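Chains, contacts and geometry: an overview
For reference, the chains in residue letters:
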Amino acid sequence: MEVIKLSGETKTMSGADAIRLAIEEEMERDESVFILGEDIGAYGGPFFVTKGLLEKFGADRVRETPISENAILGCAVGAAIAGMRPIAEIMFADFLTVCMEMIVNQAAKARYMYGAQISVPLTIRTPFGTGIMGAAQHSQSFESWFMHVPGLKVVLPSEPADFKGLLKTAIRDDDPVIFFENKQCYFRSGEVPLDKNFTIPFGQARKFTEGDDVTIVATGAMVQESINAANKLKEENIHCEVIDPRTLVPMDKKSILNSIEKTGKLLIVDEGCKTCSVSAEIAAFVAEEGFQYLKKNIIRLNTPDVPIPYSQSLEKQIVPNAKSIQDNVKKLI
Amino acid sequence: MSSDEFPKEFSPEELINLYKKMLLIRSFEERITKDAGKIKSPLVHPYIGEEAIAVGACAAINEDDYITSTHRGHGHFLAKGGDLNSLMAEIYGKKDGMCKGRGGSMHVADFSKHMLGANGIVGAGPPLALGVALASKLRNEGRVILTFFGDGAANQGMLHESMNLAAAWKLPIIFMLENNLYGWSTPSANVTAIKDFSLRAQGYGMKGLSINGNDIIEVYKTVKEAVEFARKGGGPTLIECKTYRWGGQTTMDADKYRSTEEKEEWKRKCPIEAYKTRLIRGELVDQQIIQEIEEKTLILIDESVKFSKKSPKPDPNTALDNVYKNPIEYGGN
Ligand SMILES: Cc1ncc(C[n+]2csc(CCOP(=O)(O)OP(=O)(O)O)c2C)c(N)n1
Ligand SMILES: [Mg+2]
């Protein structure tokens, strides 16, 4: 696994713009792609990700729905079964709680329980995570729940280019994909390839920095925090390898294990609360399959098991950041 | 609605076929009930007493129109033209079952016949129907979908989301409410303040009708009209079919919660007997023809049991197949 260099023509844009570009390109490419969700039309959604799509594609393909999450996802699953490629937006990941049925018992199961008679080519997009003073019901990170549901693919990029490449893959994929969009990553900019055929396969982690000392596996907003920490630590001659798995199902275990073989040390940084989290799953497979490489105990740096508080002073206290990452890396040295 | 006359569009043979279909369902369910001990699954829900709804309704739609079904789905499956042998084999958990032994009674489906599956989650069919109907509308196919559900499901939240959205978007859906007066052991009168569920339709902006679900011609004519309305872009209709489940909730339910008098009263309203009497009165059949039909039906059922017993068990080594379209790989790069 090398640190990725983008080729071809690129443009600097935000994560949100990269997502919009992916949707736009796929809707242009394939008539069966459409998008539905709350306030996604003229308003453009709470983070303005879908701004302009209504004007471009019309109300048939950019469908504003009532606040009925089970109906939104039911509609999406049904349309996928009937051969469309719907993109359903759930306004905040926190609201996935009211439509678990359609994801867990319907979309994820249909292929298997109906004896492989059908596919469900569905993409569910949803913003998650802290950083906007969203408090307990607008800030959560539920991605690990969905890793526990066979039949779903779980995608969670952090970089604008990865948003574009992985969302296009998700839309083209024949299985149901849940695509988590970190709110902070919406606003950060990066170089994004303009090539309409730019896609990124699932199951390939991305390495952001090279190093021999410690492997840091991070997701979502924690990737940038980890990169910042790694850059600081370099000044102290501590070299970290920051890896973003980018897709949680399938998980690129091989790349993570290869890195640990080199460093012997693992810090996992995860914005979700600790118990049964993404970090728990990564720690578990490393303990199972890479125990022989480990020179130190694994450290999991998570948000603790607490509802997300409103006040910034409290939220900042509990969510991992570059400083707490540095401190934990040093525990491994 | 008067249903004294046979619909003119049906030939005598077609009218007799309706009888055959109901009888096939009845005999199938009787056989399953008799063999319940051998089949061992406690979660098999017979449709005895309700046959006129599935057969009458499916006679009112085309081959390429869709249906979604419920946990009580064998009747819907057969009425939509699903294959008898692969239905029986599925319930036996065999390889030649429609879902290759992955689904069982609660997940029988034949997508080639546009029978989009029985469903183990009460009320989960209607949200899926939204998307199928939307796909038909977006592609200008003129296809409609019947979504069957019970009086129990009628109080499920996602059903209400679905009725609202279907009406708002004028989707070609017929909401087929099978009111057999009970949700498992709970009388719907104990948990619902209205007597006619069709009243609810008005609140969503669609037409609602309550009909005799044991009168196959009334079911047919009512559905036919709703289907024509839906095809013309008029939107959904709610049709409440009053009926009764003769047996227990499942083949293994002792059914002590309903009185013998009540059961006997409904058996006197047998949908199959009623239709048979009419066919005889209309001189379409005589006793001898009826007897031949009964004998032939039993032979078909016997053959399906033989077929199922002969069919191999699914290969244990295939238990992990088809969770995803292609087995997911742990990439590495
Ligand atoms: C969401 C959900 N809740 C409960 C059940 C258990 N359950 C299965 S069938 C049933 C009764 C359903 O009643 P109704 O919708 O009237 O259908 P009927 O069985 O009468 O055909 C119940 C409670 C379930 N399968 N799914
Ligand atoms: Mg009922």
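See the structure printed just above.
Let me begin by describing the structure that accompanies this report.

**Considerations on the overall build of chain B**
A tally of regular secondary structure across chain B gives 13 helices and seven strands. For chain B, the C-alpha radius of gyration of 20 Å lies close to 20 Å, the compact-globule estimate for 333 residues. For chain B, the spread of C-alpha atoms along the three principal axes comes to 70 × 50 × 40 Å. Put simply, chain B has 333 residues, and 55% of those count as buried. Carbon and sulfur atoms make up 52% of the accessible area of chain B, which totals about 14100 Å².

**Let's talk about the packing of aromatic side chains**
Inspection of the entire model under this criterion finds 18 aromatic pairs over all chains. Judged by centre distance (5.5 Å) and plane angle (50°), the rings of Phe92 of chain A and Phe95 of chain A are tilted. By relative accessible area, Phe92 of chain A is classed as buried at 10%. One residue, Arg63 of chain A, lies across the ring of Trp169 of chain B, its end atom 4.2 Å from the ring centre. Against the face of Trp266 of chain B rests Lys269 of chain B, its NZ or CZ located 3.9 Å from the ring centre.

**Some remarks on the sheet that holds strand S1 (residues 66-68) of chain B**
Residue and element names in this part refer to chain B. In spatial order, the strands read S1-S2-S3-S7-S6; together these five strands make up an open sheet with parallel pairing. The open sheet terminates on both sides in strands that have one partner only, identified here as S1 and strand S6 (207-212). This sheet shows a mean twist of 20° between the axes of neighbouring strands, independent of strand direction. Pairing geometry for strand S3 (residues 173-179) and strand S7 (residues 237-242), over six bridges, is parallel. Bridged to Met176 within S7 is Ile239. This element, helix H6 (residues 125-138), spans S1, strand S2 (145-150) and S3 of the sheet and lies at about 175° to S2.

**Some thoughts on the site of ligand 1**
Residues and elements named next belong to chain B. Among the 15 residues in the neighbourhood of ligand 1, the closest are listed as His71, Arg72, Gly120, Gly152 and Asn180. Take Val122: an N or O atom from its main chain is 3.1 Å from a nitrogen atom of ligand 1. Protein contact buries 73% of the 580 Å² of open area that ligand 1 shows by itself. Along the lines of polarity and charge, the residues of the shell around ligand 1 split into five nonpolar, eight polar and two charged.

**Concerning the packing of helix H3 (residues 69-81) of chain A against H6 of chain B**
Running from amino to carboxyl end, H3 of chain A crosses H6 of chain B at an angle of 50°, the nearest separation of the two axes being 6 Å. Accordingly, the angle class assigned to the pair H3 of chain A and H6 of chain B is oblique. Relative to H6 of chain B, the crossing made by H3 of chain A is right-handed. Of the residues in H6 of chain B, those touching H3 of chain A at Asn70, Ala71, Gly74, Cys75, Val77, Gly78 and Ala79 of chain A are Pro127, Leu128, Leu130, Gly131, Val132 and Leu134 of chain B. The class makeup of the residues in the contact of H3 of chain A with H6 of chain B is nine nonpolar, four polar and no charged.

**Examining the interface of chain A and chain B**
In this assembly, 52 residues from chain A lie in contact with 44 residues from chain B. Interface area, chain A with chain B, both sides summed: about 3900 Å², of which 62% is carbon and sulfur. Three residues stand out in chain A for area buried against chain B, namely Tyr112, Tyr114 and Gln117 of chain A, and they jointly supply 17% of the buried area on that side. The tally of links between chain A and chain B comes to one salt bridge. Across the pair Asp174 of chain A and Lys325 of chain B runs a salt bridge, and its minimum N-O distance is 2.7 Å. Scanning the region where chain A abuts chain B turns up 16 residue pairs in polar contact (both at pLDDT 80 or more). Within the residue set of the side of chain A that touches chain B, elements represented by two or more residues are strand S2 (33-37), strand S3 (62-64), H3, helix H4 (100-107), helix H5 (110-113) and helix H10 (253-263) of chain A. With nine residues, H3 of chain A is the largest single contributor of residues to the side of chain A that touches chain B. Of the residues belonging to the side of chain A that touches chain B, the class tally is 24 nonpolar, 15 polar and 13 charged.

**Thoughts on the coordination of the magnesium ion (ligand 2)**
Angles at a metal have ideal values that depend on geometry: 109.5 degrees with four tetrahedral donors, 90 or 180 degrees with six octahedral donors. Looking at the metal site, the magnesium ion (ligand 2) is ligated by Asp151 of chain B (OD), Asn180 of chain B (OD1) and Tyr182 of chain B (O), spaced 2.0 to 2.1 Å from it. Counting the intervening residues between successive donors of the magnesium ion (ligand 2) yields the motif D-x28-N-x1-Y.

**Quick notes on unusual backbone geometry**
Going from Val249 of chain A to Pro250 of chain A, the amide bond is cis rather than trans, its omega being 0°. Topologically, Pro250 of chain A is positioned in the loop between strand S12 (247-249) and H10. The phi dihedral of Asn237 of chain A falls on the positive side, at around 65°, and the residue is not glycine. Its place among the elements puts Asn237 of chain A in the loop between helix H9 (221-235) and strand S11 (240-244). If you check the backbone angles, Glu283 of chain B has positive phi at about 60° while not being a glycine. For Glu283 of chain B, the location among the structural elements is in the loop between helix H12 (271-281) and helix H13 (287-310). The exposure class assigned to Glu283 of chain B is exposed, which follows from its relative accessible area of 72%.

Quick notes on the rules
Residues numbered from 1 in each chain as written. Chains lettered and ligands numbered in written order. Predicted model: local features only at pLDDT ≥ 70, side-chain atom pairs only at ≥ 80, totals over all residues. Heavy atoms only, no water. Helix = DSSP H or I, 4+ residues; strand = E, 2+ residues; numbered from the N terminus. Rg over C-alpha atoms; globule rule 2.2 N^0.38 Å. Buried < 20%, exposed > 50% of the residue type's maximum accessible area, 1.4 Å probe, protein only. Areas by Shrake-Rupley, 256 points an atom, 1.4 Å probe, with all protein chains shown as cover. Phe/Tyr/Trp six-rings, centres within 6.5 Å; stacked < 30°, edge-to-face > 60°. Lys NZ or Arg CZ within 6 Å of the ring centre and 35° of its normal. Pairing = 2+ DSSP bridges. Axes fitted to C-alpha atoms, helices over the stretch in contact; angles between N-to-C directions. Contact = heavy atoms within 4.5 Å. Near = heavy atom within 4 Å. Polar contact = N/O pair within 3.5 Å; in protein donor to acceptor, adjacent residues only side chain to side chain. Nonpolar A, V, L, I, M, F, W, Y, C, P; charged D, E, K, R; others polar. Parallel < 35°, antiparallel > 145°, perpendicular 65-115°, else oblique. Left-handed = near helix turned anticlockwise from the far one by under 90°. Buried area = accessible area lost by both parts, 1.4 Å probe. Salt bridge = Lys/Arg side-chain N within 4 Å of Asp/Glu carboxyl O. Donors = N, O, S within 2.8 Å, 3.2 Å for Na, K, Ca; no water.

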